[in-house]
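Coordinate inspection notes
Residue-level listing of the chains:
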Amino acid sequence: MTIKKRTIEYNDQIVRQFMLASIVWGIVGMLVGVLVAAQLNFKFLNFNTEYLSFGRLRPLHTNAVIFAFVGNMMFAGVYHSTQRLVKARLASDFLSKFHFWAWQLIIASAAITLPLGLTRGKEYAELIWPINIAVALVWVIFAINFFWTLGIRRERSLYVAIWFYIATIITVAMLYIVNHLSIPTSLTHSYPIFGGVQDALVQWWYGHNAVAFFLTTPILGIMYYYLPKAANRPVYSYRLSVVHFWSLVFIYIWAGPHHLLNTALPGWLQSLGMIFSLMLWAPSWGGMLNGLLTLRGAWDKLRKDPVLKFFAAGVTFYGMATFEGPLLSIRSVSALAHYTDWIIGHVHAGTLGWNGFMAAGMFYFLAPKLWKTKLYSTPLANLHFWLGLVGILLYVAAMWISGITQGLMLNGADSKGILNYPNFLETLQSIRPLMGFRVIGGGLYLIGFLLMAYNICMTIKSGKPVNGSFEVEEEEPTAERLTLIKTLVSPAFLYSAGLTVFSCMWLMGAGAFSIAGLVLVFMTALLAYAHYQKSGANFGKWYDKLLENSFPFTVLTLLAVLVGGVVQIVPLVTVDRDSIVEDRMQVPYTPLELAGRDLYVSEGCYNCHSQMIRPFVSEVKRYGDYSRLGESVYDHPYQWGSRRIGPDLARVGGKYNDSWHYDHMLKPEQISPGSNMPSYPWLFKKDIDYSALPSKISVQQTLGVPFENWTDQEVIESAQSQAQEIADRLSEQGKEIERDREIIALIAYLQQLGKSEDLRVDMAKAKTTNNL
Amino acid sequence: MKEKNISEEPIRHHSYDGIQEFDKNLPRWWLMTLYGTVVFAVAYWIYYQQTGIGLTQGEELELALATIEDAKAEALASADEVTDESLWAMSLNTVIVEAGKQVYTTTCAACHGPNLEGGIGVSLADAEWVHGGNPLDIRKTVYDGSLAKGMPAWGPVLGDERVDEVVAYVLSHHSAVN
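Residues numbered from 1 in each chain as written. Chains lettered and ligands numbered in written order. Predicted model: local features only at pLDDT ≥ 70, side-chain atom pairs only at ≥ 80, totals over all residues.

So, the overall build of chain B
A tally of regular secondary structure across chain B gives seven helices and zero strands. Along chain B, from the amino end to the carboxyl end, the secondary structure elements read α-α-α-α-α-α-α. Dimensions of chain B, computed from C-alpha atoms along their principal axes, come out at roughly 100 × 45 × 40 Å. Out of the 178 residues belonging to chain B, those deemed buried represent 27%. Excluding contacts between residues fewer than 6 apart, the proportion of contacts in chain B whose partners are at least 24 apart in sequence is 51%. (Helix = DSSP H or I, 4+ residues; strand = E, 2+ residues; numbered from the N terminus. Buried ≥ 20, exposed ≤ 12 C-beta atoms within 10 Å, placed from the backbone. Contact = placed C-beta atoms within 7 Å.)

Below you can see the structure in the form of structure tokens.
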């Protein structure tokens, strides 16, 4: 056999494009972040215009930094490192280009639709359905391009970075599609197919794992490539890579319900969310250890090399955030921290510290290579590092203090159940200075990022784009093929699957079934132990073989990430809805109330107001009886919320009169002195879209909401006559407004919040009837 | 403890684009952390979910509310009863009225006006009372609200003492003759 040598050029053009896009969108996303943070302290920054109000811009900030900044950065890193790790040029230049431009188009359309108030009303899943389809398609393109490249690889064995990329691609696809299932009512509006608690669970299964598989696993992969490269040191421990990879992808998926602790979510799901979050601590720290300890023997390089500085700090922030996460998932800690700024601080330790610093490190590493030159200025990069670091610390510390302060104030009640701070606004006033410090911290971070943009611009100017290349010796692949069947009958898989299934039997079953599960768990564990005592080395060989076979590897990853979702979501979405309502059942909306609800969603009210009263003395005293499952059963999408910059609204209906809401929406600070809620003058000018209602109601009927079978005409007439009633009432109270203004619909919605049927009465009745 | 020379550690021979990996054992404390959280998880699950020994959140709340009721009953037994006369008396006590003013400003002024002149809510300065003008009637209105008119029930939020204070403040603008 003759060995032919030839040179292959990497597709680095696409890497350069994604990298520059990430920097540009990063600036935009962070700028919007600083603006929305400042809006909380300085109301005038809402500019009294609908397109710039906090409720619409906050989703723009989150979507921009997650999908545009980190998304583009991830694509740059994945495409650059994968080509080198598998020794192959990206499979398709066309798909790469398509991927890039379609992704930028998606971002641009998000930046237009969100300020217009076009939203699905679910956090980090706000984009409207046509964009959702585009995202799913582009993701599939990305997947094809990636796996195709794996298919033509010359390096048979998959490096740990590639494992993380595989997990990212398949899991994000699964999460994104399930959480975006919806039925359109128009070209720009849809209702999610899940409602109430089901929607809440699916949303946080997605939301939590978007953090896991969009902001964590791809970045871990990037860490595993660039950190040892930059440090020029071997990775600390391969075994740790294996164990922490598999435990991470398996456990992460289960932890979503920790976003819903102490809510109406059924207790068993809350418990699962909490315990899996705790178990996630070690797997996460495995990544941190492998990153930091790879720097052993290279610590002196940190002084000189900004790339390593950013990596070391980024990985440290990762460790900090992944310790804080499990801590916040403890039910009693969540009782204090949920709905407060502590969560905002936690997220930013992860995004600014981990994602942002890893991105900066990677960009400083890549720019000189991709443009074949030297970094323009190392002192400037160092300045960026210190500005960023001080910025993050200021930000995170301010949010810790703010969150704990507001949490303690809101939860504080004396032995007679009397609230220490009955006025919600008092708690807001106390954290205002801290909100100010956040703006300063975020601002410093942004300045640092701008320095980087300048530095990289100047670097690019001094060089010119050069594509990497490598020499290959064309050989017949010598890899040993491992079929999927063979993988699934391997001891490693069988023991793991057995332990998972039997543990579920033991812990979720009852009676003999549970005992059988316990026995089987012990037997499997013993058998596995004995097996590996005898032939432990075989596992290593088998795993090496698995690494040469990307298809079975991908299937195993898919199975690992499927289990958690299936166990948690399937029971909840397949049960009869009536059996999980507890003792209250929501009264379906009238057409006008539904129109008002859609305005509530569209204005992004959920960004500051929850609709979920937790079963604590302080909350029951402040907001009324705690929320039951049945009370949001018809809510598509659910609006339980995640942050209380303003008070909970679950039972605000009937608490004040219409005139109060009228004044409050127009000039909140006059009714609630010191309030930072924006004014909504446009609701008093724009007309209710009655014509959209029939199609909305028919979609809701499809989803199982028991609306009556009205004709289109009846729907519109009903809405108009209810609007007239409210307009008349307002007129009695001295407010003259036309019937058809949006504010009327919003008041109709707000005034029915908390209305429910008390099923205890019905059940009691049913019992007496049965007895007769 | 002397660090072992790194170059003596076991290393995997495969290299990916120049990256090598040590084949080191898992750090023991790390492994113990993992096992520890797993053991805790199982114990927690059995305690709260499988055996039901741990209280559900609804039960926890009921317990807390019951304790509060007990404390309230105890306090009620030893406290003087609130009467029209006692509220009038409070309205003459400047310390109480000043405290009531504070509550009024943060809670009531938005609707009833900074000087009780009314606004979204009715005037509290005139002699007209929708729900009765006796001190105890006023107290009841503050405490339970009037949902039909959009007056929230402030009793649970403010608590007895603050309600009495704010009633005393309102009464301080009137005289017993009215």
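Focus on the overall build of chain A
The secondary structure content of chain A amounts to 28 helices and six strands. Relative to the globule expectation of 28 Å for 772 residues, the C-alpha radius of gyration of chain A, 28 Å, shows essentially globular dimensions. With the C-alpha coordinates of chain A rotated into their principal frame, the extents come out at 95 × 70 × 55 Å. Within the span of chain A, comprising 772 residues, buried residues form 54% of the whole. Relative to all contacts within chain A whose residues are 6 or more apart in sequence, the contacts with residues 24 or more apart total 83%. (Rg over C-alpha atoms; globule rule 2.2 N^0.38 Å.)

Digging into the environment of Tyr44 of chain B
By secondary structure assignment, the location of Tyr44 of chain B is in helix α1 (residues 28-50). Spatially, the C-alpha atom of Tyr44 of chain B lies 51 Å from that of His112 of chain B, the residues being 68 residues apart in sequence.

Structural notes on the interface of chain B and chain A
Contacts between chain B and chain A engage 51 residues on the former and 55 residues on the latter. Contributions of two or more residues to the side of chain B that touches chain A are made by α1, α2 (57-78), α4 (94-112) and α6 (155-158) of chain B. The element contributing the most residues to the side of chain B that touches chain A is α1 of chain B, with twelve residues. Grouping the amino acids of the side of chain B that touches chain A by side-chain chemistry returns 29 nonpolar, 14 polar and eight charged. (Nonpolar A, V, L, I, M, F, W, Y, C, P; charged D, E, K, R; others polar.)

Quick look at the domain arrangement of chain A
Residue and element names in this part refer to chain A. Here the domain parsing of chain A yields domain 1 (12-465), domain 2 (484-580) and domain 3 (585-768). Relative to domain 2, the C-alpha centre of domain 1 lies at a distance of 30 Å. Counting from both sides, the interface comprises 24 residues of domain 1 and, opposite them, 18 residues of domain 2. Where the side of domain 1 that touches domain 2 is concerned, the elements lending two or more residues are α5 (160-179), α6 (196-213), α8 (238-252) and α9 (267-279). Split by residue class, the side of domain 1 that touches domain 2 holds 20 nonpolar, three polar and one charged. (Domains from an automatic or database assignment.)

Brief notes about the confidence of the model for chain B
Per-residue confidence for chain B gives a mean pLDDT of 88, with 94% of residues at or over 70. For this predicted complex, the interface confidence score (ipTM) comes to 0.92, while the overall pTM stands at 0.94. (pLDDT = per-residue confidence, 0-100.)

With respect to unusual backbone geometry
All names here are of chain A. Omega for the peptide link from His636 to Pro637 comes to -5°, which places this bond in the cis form. Among the structural elements, Pro637 can be located in the loop between α22 (617-623) and α23 (658-666). The phi angle at Phe47 is positive, at roughly 55°, despite the residue not being glycine. One can find Phe47 in the loop between α1 (13-41) and α2 (54-85). Judged by the 12 C-beta atoms lying within 10 Å of it, Phe47 is exposed. Positive phi values are uncommon outside glycine, yet Lys87 reaches one of about 55°. Along the polypeptide, Lys87 turns up in the loop between α2 and α3 (93-113).

Focus: the packing of helix α3 (residues 84-91) of chain B against helix α5 (residues 135-144) of chain B
All names here are of chain B. Direction vectors running N to C along α3 and α5 enclose 85°, while the axes themselves pass 8 Å from each other. On the basis of their axis angle, the class for α3 and α5 is roughly perpendicular. Where α3 approaches α5, its residues Asp84, Leu87 and Trp88 are matched on the opposing element by Pro135, Leu136 and Arg139. Its residues assigned to classes, the contact of α3 with α5 comprises four nonpolar, no polar and two charged. (Axes fitted to C-alpha atoms, helices over the stretch in contact; angles between N-to-C directions. Parallel < 35°, antiparallel > 145°, perpendicular 65-115°, else oblique.)

Side note on the nonpolar core
Phe363, Ala745 and Leu746 of chain A are the most contacted members of the largest nonpolar core, which totals 227 residues. With sequence-adjacent residues up to four places away left out, Leu746 of chain A is seen in contact with Gly596, Leu599, Tyr600, Met665 and Leu683 of chain A. Ala413 and Ile671 of chain A together with Leu124 and Ile138 of chain B belong to the second largest nonpolar core, which has 29 residues in total. (Core = buried A, V, L, I, M, F, W, Y, C linked by C-beta atoms within 7 Å.)

What to know about the confidence of the model for chain A
Residue and element names in this part refer to chain A. Confidence along chain A averages 94 in pLDDT terms, with 97% of residues attaining 70 or more. Confidence, expressed as mean pLDDT per element, reaches its minimum in chain A at helix α28 (residues 759-771) with 54 and its maximum at α3 with 98. Predicted confidence for residues 767-772 stays below pLDDT 50, and this span has zero contacts to residues more than four positions away or in other chains.

With respect to the packing of α9 of chain A against α1 of chain B
In contact at an axis separation of 9 Å, α9 of chain A and α1 of chain B are set at 165° when each is read in the N-to-C sense. When the interaxial angle is binned, α9 of chain A and α1 of chain B end up roughly antiparallel. Considering the relative orientation of α9 of chain A and α1 of chain B, their crossing is right-handed. Between α9 of chain A and α1 of chain B, the residues in contact are Gly267, Trp268, Ser271, Ile275, Leu278 and Met279 of chain A and Thr37, Val38, Phe40, Ala41, Tyr44, Trp45, Tyr48 and Gln49 of chain B, respectively. Tallied by class, residues from the contact of α9 of chain A with α1 of chain B come to ten nonpolar, four polar and no charged. (Left-handed = near helix turned anticlockwise from the far one by under 90°.)

Focus on the environment of Val163 of chain B
Residues and elements named next belong to chain B. Within the secondary structure, Val163 is located in helix α7 (residues 160-171). Linking Val163 and Ile138, residues 25 residues apart in sequence, is a C-alpha distance of 9.9 Å. Leaving out residues up to four positions away in the same chain, Val163 has contacts with Arg139, Val142, Tyr143, Trp154, Gly155 and Leu158.

Things to note about α8 of chain A
In an α-helix, one full turn covers 3.6 residues, which means residues spaced three or four apart are oriented alike. Residues and elements named next belong to chain A. Between its first and last C-alpha atoms α8 spans 21 Å; for 15 residues at 1.5 Å apiece the expected length is 21 Å, and the two agree. Looking at α8, one finds that the buried residues are Tyr238, Leu240, Ser241, His244, Phe245, Leu248, Val249, Phe250, Ile251 and Tyr252. Against the buried residues of α8 lie α5, α6, α9, α10 (281-294) and α20 (550-574). (Expected span 1.5 Å × (residues − 1).)

Here we look at the environment of Ala41 of chain B
Along the chain, the position of Ala41 of chain B falls in helix α1. The exposure class of Ala41 of chain B is buried, given the 20 C-beta atoms found within 10 Å. Apart from the residues lying within four places of it in its own chain, the contact partners of Ala41 of chain B are Ile275, Leu278 and Met279 of chain A.

Things to note about helix α12 (residues 306-328) of chain A
Taking 1.5 Å of rise per residue, the 23 residues of α12 of chain A would be expected to cover 33 Å, and the 32 Å separating its terminal C-alpha atoms lies within 8% of that figure. α12 of chain A sits mainly inside the fold: 18 of its 23 residues count as buried.

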